[in-house]
Amino acid sequence: MFVENLDLLMLLALCLAAFAAGLIDAMVGGGGLIQVPALFGLLPSQGHATLLGTNKLSSVVGTSFAAYKYAKAIQVPWNAVLPATAMALVGAYAGAYVVTQISTETLRLFLPLLLVAVAIYTFFRKDLGGVHAPKLSKRREQLIGAFVGLIIGFYDGFFGPGTGSFLLVAFVVFFGFDFLAATAGAKVVNIACNLASLAWFAPAGHVIVSLGLAMAIFNLAGARVGASLAIRKGAGFVRKVLLAVVFFLILRTSYDSYWPYLSTWLF
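Treat the numbers as computed from the prediction; the structure is a model and nothing was measured. (Residues numbered from 1 in each chain as written. Predicted model: local features only at pLDDT ≥ 70, side-chain atom pairs only at ≥ 80, totals over all residues. Heavy atoms only, no water.)

Asker: Is there a simple way to think about the overall build of the protein chain in this case?
Answerer: For the protein chain, the count of helices and strands is 10 helices and zero strands. In the protein chain, the order of α-helices and β-strands from amino to carboxyl end is α-α-α-α-α-α-α-α-α-α. Relative to its length of 267 residues, the protein chain is compact, with a C-alpha radius of gyration of 17 Å against a globular reference of 18 Å. The 267 residues of the protein chain split such that 53% are buried. By element, 71% of the accessible surface of the protein chain is carried by carbon and sulfur atoms, the whole surface being about 12,100 Å². Computing the positive centroid from 17 side-chain charges and the negative centroid from 9, the protein chain places the two 12 Å apart. (Helix = DSSP H or I, 4+ residues; strand = E, 2+ residues; numbered from the N terminus. Rg over C-alpha atoms; globule rule 2.2 N^0.38 Å. Buried < 20%, exposed > 50% of the residue type's maximum accessible area, 1.4 Å probe, protein only. Areas by Shrake-Rupley, 256 points an atom, 1.4 Å probe, with all protein chains shown as cover. Lys, Arg positive; Asp, Glu negative; His and termini not counted. Charge placed at Lys NZ, Arg CZ, Asp CG, Glu CD.)

Dropping the structure here:
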């Protein structure tokens, strides 16, 4: 699929958004906060499924590099991550199918409230993610990992923004991982989410391949910088970036979800 009337300035803006998305996503997830609004804002004539599919193509490249970078520097908690990855493939594929069939309006309205809860919990738990202290048996890690992968994978295929952040928080809260190990695990699961979504979007013609590949190069560059920063500066730095990203996700999703209703009522 190709996009009409895409001038050089618009392409540059989308590529810069992809770089920023890769940078943030490699550290704490939430790259969709930048890349998805950029695609929807600059290409309003394209269908939402096509823009989401193009976003997945761009994102999977940067996410794959970030996962490789973390795996070289950090012990990935594979016992929980592998079941989560397997079930994320199923969930994301199902979510990608569903989003092409129904409206995402209800989820849009609910998402800001969920993000507020995540922000409050993370802010008041000062010790959260500071120490790697797994608290589940291996069997429970596998079972809960599979459940987390299925639910968040479905969300990623269906809607997407904040998936990496939700995975990171889930690994920290439910499993007792520190932020770096949780981020490493989240990257692996996120690859599965992106690939499964693409497995539906691409054959259905919902990907602008040329644009997605151009953005992927910049997303990769951003991921390289972001992963290096997170590994070098440690879990405390990741926690601060996570809070900042969740805060902006709240603002962005609240505006997208509620402003159309408020503007109608006010004006």
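Asker: When you look at empty space enclosed by the protein in this model, what are you seeing that I'm missing?
Answerer: Gaps left between atoms are located by rolling a probe of water-molecule size over the structure's atoms. According to the stated counting rule, one finds one cavity of 30 Å³ or more in the structure shown. Taken as a whole, the largest cavity holds about 190 Å³ of empty space. If you go around the largest cavity, you meet 22 residues; those closest to its centre are Asp-25, Gly-31, Gly-32, Asn-55 and Ser-59. Its residues assigned to classes, the lining of the largest cavity shows four nonpolar, 15 polar and three charged. (1 Å grid on protein atoms, 1.4 Å probe; cavity = no way out; pocket = protein on both sides within 12 Å on 5 of 7 lines; lining within 4 Å. Points joined across faces, edges and corners; volume = space filled by probe spheres on them. Nonpolar A, V, L, I, M, F, W, Y, C, P; charged D, E, K, R; others polar.)

Asker: Just checking my understanding: could you explain the environment of Leu-42 for this structure?
Answerer: Mapping Leu-42 onto the fold places it in helix 2 (residues 32-42). Accessibility expressed as a relative area gives 32% for Leu-42, which makes it partly exposed. Along the sequence, Leu-42 and Ala-13 sit 29 residues apart, while their C-alpha atoms lie 8.7 Å from each other. Apart from the residues lying within four places of it in its own chain, the contact partners of Leu-42 are Met-10, Ala-13 and Leu-14. (Contact = heavy atoms within 4.5 Å.)

Asker: Is there a simple way to explain the nonpolar core in this structure?
Answerer: By size, the foremost hydrophobic cluster in this structure holds 67 residues, and its most contacted members are Val-28, Tyr-70, Leu-168, Phe-171 and Val-189. Top element by residues in this core is helix 8 (residues 179-201). It accounts for 14 residues. (Core = buried A, V, L, I, M, F, W, Y, C linked by side-chain atoms within 4.5 Å.)

Asker: I would appreciate a short explanation of a nonpolar patch on the surface in the present structure.
Answerer: The grouping of Tyr-255, Trp-259, Leu-262, Trp-265 and Leu-266 at the surface amounts to a nonpolar patch, some 610 Å² of accessible area in total. With respect to the element layout, Tyr-255 can be found in helix 10 (residues 235-266). On the basis of relative accessible area, Tyr-255 is assigned to the partly exposed category, the value being 49%. (Patch = residues over 30% accessible without salt bridge, like charges linked within 9 Å, V, L, I, M, F, W, Y side chains within 5 Å. Salt bridge = Lys/Arg side-chain N within 4 Å of Asp/Glu carboxyl O.)

Asker: Got a minute to help me understand the packing of aromatic side chains in this structure?
Answerer: Each aromatic ring pair is characterised by the separation of its centres together with the angle its planes make. The full count for this structure, using the stated rule, is nine aromatic pairs. With 6.1 Å between their ring centres and 85° between their planes, Tyr-93 and Trp-200 make a pair best called edge-to-face. Placement of Tyr-93 in helix 4 (residues 78-99) and of Trp-200 in helix 8 is noted, with a sequence separation of 107 residues between them. Its relative accessible area of 37% is what places Tyr-93 among the partly exposed residues. (Phe/Tyr/Trp six-rings, centres within 6.5 Å; stacked < 30°, edge-to-face > 60°.)

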